Amino acid sequence: MTRWLLQHEERLDPTQRALVSRIATFIAAAELADLDEGASMATVRNAGLEICLVHRQDAEQTIEIYATTGEIVVSYGPEHEHFRPSDPADGRVWPFPSGDEVEGAATLVEGLLTGRIELEVWKRPLAVKTRSYWRDDTGQ
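Trainee: Hey, could you go over the layout of surface pockets for me, with residue numbers and the actual values?
Mentor: Of the volumes computed, that of the second largest pocket is approximately 150 Å³. Residue lining of the second largest pocket: M41, T43, R45, E50, I51, C52, E64, I65, Y66, V73 and S75, and that is the complete set. Of all the elements in the fold, those that place two or more residues in the lining of the second largest pocket are β1 (41-45), β2 (48-53), β3 (63-68) and β4 (71-76).

Following this line, the structure appears as structure tokens:
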């Protein structure tokens with residue numbers, strides 16, 4: 001189950017607690033054959049929450065989440081996204097519905113876990129180029 005994800009709940013700030021709750025609820029309800037819950041972990045260090053969602057067969061598809069007061073960073077492959085409480089006021093929008101940084105980060109994680117977000121990676125001798133695609137309900 002998701003007990004490993006909720007073990008530090010009493011040490012989390014309200015934003016971190018909301019993020020953990022949303023991700024734990026999603027993982028518990030979804031059928032995620034490629035998520036290795038035995039290898040996945042959540043830790044708290046220096047008031048920051050670190051979550052590592054390990055892919056069962058491909059380490060490059062592991063999702064890492066780091067949440068502190070004021071920012072959530074979701075890393076996947078060579079890409080990462082920052083989510084901050086000020087984003088809506090600053091005019092920053094994502095290609096999916098999100099009212100705040102918790103909802104935005106959780107929606108991205110859910111999309112990555114279910115394959116609704118695809119990541120293309122081109123490895124070149126001097127650089128790595130990436131592009132993410134959000135797939136809607138029709139697969140477009």
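Trainee: Describe the side chain of H55, listing the residues and the values that go with them.
Mentor: Position of H55 among the secondary structure elements: in the loop between β2 and β3. Overall, H55 belongs to the buried group, its relative accessible area being 15%. A polar contact of 3.1 Å, which involves the side chain of H55, links it to the backbone nitrogen of Q57. Only 2.9 Å separates the side chain of H55 from the backbone nitrogen of D58, close enough to count as a polar contact. Apart from the residues within four sequence positions on either side, H55 is in contact with D34, D36, Q61 and T62.

Trainee: So, the packing of helix α2 (residues 14-29) against helix α4 (residues 101-114): which residues are in play, and what are the values?
Mentor: Across the interface, α2 lies against α4 with an axial gap of 10 Å and an inter-helix angle of 25 degrees. On the basis of their axis angle, the class for α2 and α4 is roughly parallel. The crossing of α2 and α4 is right-handed. Contacts from T15, A18, L19, R22, I23, F26 and I27 in α2 reach E101, V102, E103, A105, A106, T107, V109, E110, L113 and T114 in α4. The residue inventory of the contact of α2 with α4, partitioned by class, reads 10 nonpolar, three polar and four charged.

Trainee: I'd love a proper account of unusual backbone geometry, names of residues and values included.
Mentor: Of note, the phi angle at N46 is positive, near 50 degrees, even though the residue is not glycine. Along the chain, N46 falls in the loop between β1 and β2.

Trainee: Mind laying out the sheet that holds β2, listing which residues take part and the relevant values?
Mentor: Backbone-to-backbone hydrogen bonds pair the strands of a sheet. The strands run either parallel or antiparallel. On the basis of which strands lie adjacent, the open sheet formed by five strands has the order β1-β2-β3-β4-β5 and antiparallel pairing. Only two strands of the sheet have a single partner each, and these edge strands are β1 and β5 (79-83). Strand-to-strand twist in this sheet, taken as the mean axis angle between neighbours without regard to direction, amounts to 15 degrees. Across six bridges, β3 lies against β4 in antiparallel orientation. Paired with I63 across the bridge in β4 is Y76.

Trainee: Account for the pattern of salt bridges, naming residues and giving values.
Mentor: Per the counting criterion, the structure on display carries three salt bridges. A salt bridge links E50 to R45; the shortest N-O distance between them is 2.8 Å. A residue is classified by how much of its surface remains accessible, and E50, at 26% relative accessible area, is partly exposed. Accessibility expressed as a relative area gives 45% for R45, which makes it partly exposed. A salt bridge links R84 to E71; the nearest nitrogen and oxygen atoms lie 2.9 Å apart. A residue pair is termed long-range when its members are at least 10 positions apart, and R84 in the loop between β5 and α3 (87-90) and E71 in strand β4 qualify at 13 residues.

Trainee: Tell me about the pairing of β4, and name the residues and values.
Mentor: In sequence, β3 turns back onto β4 through a hairpin of two residues, with G70 there showing a positive phi of about 100 degrees. Relative to β5, β4 runs antiparallel, the two sharing five bridges. Paired with S75 across the two strands is H80, which belongs to β5. Here β4 folds back onto β5 in antiparallel fashion, the turn holding two residues, of which G77 has a positive phi close to 55 degrees.

About the criteria used
- Residues numbered from 1 in each chain as written.
- Predicted model: local features only at pLDDT ≥ 70, side-chain atom pairs only at ≥ 80, totals over all residues.
- Heavy atoms only, no water.
- 1 Å grid on protein atoms, 1.4 Å probe; cavity = no way out; pocket = protein on both sides within 12 Å on 5 of 7 lines; lining within 4 Å.
- Points joined across faces, edges and corners; volume = space filled by probe spheres on them.
- Helix = DSSP H or I, 4+ residues; strand = E, 2+ residues; numbered from the N terminus.
- Buried < 20%, exposed > 50% of the residue type's maximum accessible area, 1.4 Å probe, protein only.
- Polar contact = N/O pair within 3.5 Å; in protein donor to acceptor, adjacent residues only side chain to side chain.
- Contact = heavy atoms within 4.5 Å.
- Axes fitted to C-alpha atoms, helices over the stretch in contact; angles between N-to-C directions.
- Parallel < 35°, antiparallel > 145°, perpendicular 65-115°, else oblique.
- Left-handed = near helix turned anticlockwise from the far one by under 90°.
- Nonpolar A, V, L, I, M, F, W, Y, C, P; charged D, E, K, R; others polar.
- Pairing = 2+ DSSP bridges.
- Salt bridge = Lys/Arg side-chain N within 4 Å of Asp/Glu carboxyl O.

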